[in-house]
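# Examination of the molecular architecture
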Protein chains: 2
Amino acid sequence: MNSASTTAIKFDFEVDEMVDSAREATDFLKSIAHEGRLMILCRLAEGECAVTDLEELLSARQAAVSQQLARLRLEGIVDARREGKSVYYSLSDDRIQTIIPVLYDMFCKPD
Amino acid sequence: MNSASTTAIKFDFEVDEMVDSAREATDFLKSIAHEGRLMILCRLAEGECAVTDLEELLSARQAAVSQQLARLRLEGIVDARREGKSVYYSLSDDRIQTIIPVLYDMFCKPD
DNA sequence: CCCTTACATTATAAAATATGAATATGTAAA
DNA sequence: TTTACATATTCATATTTTATAATGTAAGGG
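Please read these numbers as outputs of a predicted model, since none were measured by experiment.

## Side note on the packing of helix 2 (residues 35-45) of chain A against helix 4 (residues 62-74) of chain A
Residue and element names in this part refer to chain A.
- Running from amino to carboxyl end, helix 2 crosses helix 4 at an angle of 75 degrees, the nearest separation of the two axes being 10 Å. By the criterion of interaxial angle, the relationship of helix 2 to helix 4 is roughly perpendicular. Contacts between helix 2 and helix 4 involve Arg-37, Ile-40 and Leu-41 from the former and Val-65, Gln-68, Leu-69, Arg-71 and Leu-72 from the latter.
- Among the residues forming the contact of helix 2 with helix 4, the class breakdown is five nonpolar, one polar and two charged.

## Some points on the protein's contact with DNA strand D
- Around DNA strand D there are 22 residues in total, and Thr52(A), Gln62(A), Ser66(A), Tyr89(A) and Arg61(B) lie nearest to it.
- Here, DNA strand D places atoms within 4 Å of the protein, and 65% of those atoms are sugar or phosphate.
- In this structure, a base oxygen belonging to DNA strand D sits 2.9 Å away from a side-chain N or O atom of Gln67(B).
- Within the residue set of the surface near DNA strand D, elements represented by two or more residues are helix 3 (51-58), helix 4 and strand 3 (86-91) of chain A together with helix 4 (62-74) of chain B.
- A total of five residues in the surface near DNA strand D trace back to one element, the largest contributor, which is helix 4 of chain A.
- Among the residues forming the surface near DNA strand D, the class breakdown is six nonpolar, nine polar and seven charged.

## Quick word on the layout of surface pockets
- Considering only enclosed or pocket space, the largest pocket measures out at about 720 Å³ in volume.
- Lining the largest pocket are 26 residues; nearest its centre among them are Glu14(A), Met18(A), Glu46(B), Tyr104(B) and Cys108(B).
- Among the elements that make up the lining of the largest pocket, the one with the highest residue count is helix 1 (residues 5-32) of chain A (nine residues).
- Across the lining of the largest pocket, the residue classes tally to 17 nonpolar, one polar and eight charged.

## Regarding the relation of the copies chain B and chain A
- Of the two same-sequence chains, chain B is brought onto chain A (RMSD 0.1 Å, axial shift 0.0 Å) by a rotation of 180 degrees. Expressed as a symmetry operation, the mapping of one chain copy onto the other fits a two-fold axis.
- When you check the interface residues of chain B against chain A, 100% turn up at the interface there too, and the contact is symmetric in its surfaces.

## Quick notes on the pattern of salt bridges
- All chains considered together, the criterion is met by 12 salt bridges over all chains.
- With a closest N to O distance of 3.5 Å, Lys109(B) and Asp105(B) form a salt bridge.

Cut-offs used in this document
- Throughout this document, residue positions are counted from 1 along each chain, in the order its sequence is written.
- To label them, take the chains in the order written and letter them from A, then take the ligands in the order written and number them from 1.
- The predicted nature of this model means local features are confined to residues of pLDDT at least 70 and side-chain atom pairs, given and counted, to a pLDDT of 80 or more, with totals for whole chains, interfaces and linings taken over all residues.
- Side-chain calculation: all heavy atoms of the structure are included, whereas hydrogens and water are not.
- Note on geometry: axes are lines fitted to C-alpha atoms, helical ones only across the stretch in contact, with angles between N-to-C directions running from 0 to 180 degrees.
- The way it works is that DSSP assigns letters per residue, a run of H or I at least four long becomes a helix, a run of E at least two long becomes a strand, and they are numbered from the N terminus.
- Here is the rule for angles: anything less than 35 degrees is roughly parallel, anything more than 145 is roughly antiparallel, 65 through 115 is roughly perpendicular, and the remaining ranges are oblique.
- Residues are treated as being in contact if the distance between any of their heavy atoms lies within 4.5 Å.
- In the scheme used here, Gly and all other residues not listed as nonpolar or charged are polar, with Ala, Val, Leu, Ile, Met, Phe, Trp, Tyr, Cys and Pro taken as nonpolar and Asp, Glu, Lys and Arg as charged.
- Whether a residue is near a molecule or strand is decided by its heavy atoms; if any one of them lies within 4 Å of it, the residue is near.
- Any pair of nitrogen or oxygen atoms within 3.5 Å is treated as a polar contact; in protein, a donor-acceptor pairing is required on top of that, and neighbouring residues in sequence qualify only through side-chain atoms on both sides.
- Only protein atoms enter the 1 Å grid used here, on which a cavity is any set of points holding a 1.4 Å probe that cannot leave and a pocket is any open set flanked by protein within 12 Å on both sides along at least five of seven lines; residues with an atom within 4 Å of a point are listed as lining.
- Grid points are joined across faces, edges and corners, and a volume is the space filled by probe spheres set on the points.
- Superposing copies: least-squares fit, C-alpha atoms only, residues required to have pLDDT of at least 70 in both.
- Here a salt bridge means any side-chain nitrogen of Lys or Arg lying within 4 Å of a carboxyl oxygen belonging to Asp or Glu.

Printed below as a string of structure tokens:
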């Protein structure tokens, strides 16, 4: 506990950094660790689409889908664009574009 | 709703598959979407270590660490091996080895 | 055998998330 | 301007997770 205090300080600093990174990473992971949201993101990875399409895809109620989209919007993960009566959503975070293929390889490969 | 029923059946089948994959993926993501568990996994990615080391790393109580380890064990993500008084943990799931570097690139790169 | 160290488990309280119903807003068309 | 359609928000409640505290077990040393 009291040996090599210089190293201890450096170590604590690194741990703090690690805690910060871990918090960022887990915030990100939590926002995609939800069946509905993940499916929305997978769908958006193929291109922009409207809320109605997502409702069909998830067989979920409008309010529920809208709620998940609101969360993704607040986290800066998706963008919304209104065109007439519809609102079109798209991915706005490169990290999603990065991680979706990784998850696809792990869980969606035919085998 | 009633057009092209053959296509509709195929589509439904694909959606079911997608729901299953999404569940698997989100189960996995949920198990790593926790500050403590993620830090544990990052540490284990560097090699096996004992519970005491993890307690220090997380500055968490023994019981809390043990609980997270229990969860990771149940999910088949880590292995435990007893040697004398200590229990050594290590990663037992390749998907963790795959995803840790991806997360590292996203959240821990110096910049 | 008793004591200490290292770890696990259990019960429970507290906190975070999800779900569902009701309602509101914004747009366009009749 | 009434109506219908598309989407958003709000709020109460249910469910799931996480943290805390207390206790239990396994191993080794004296």
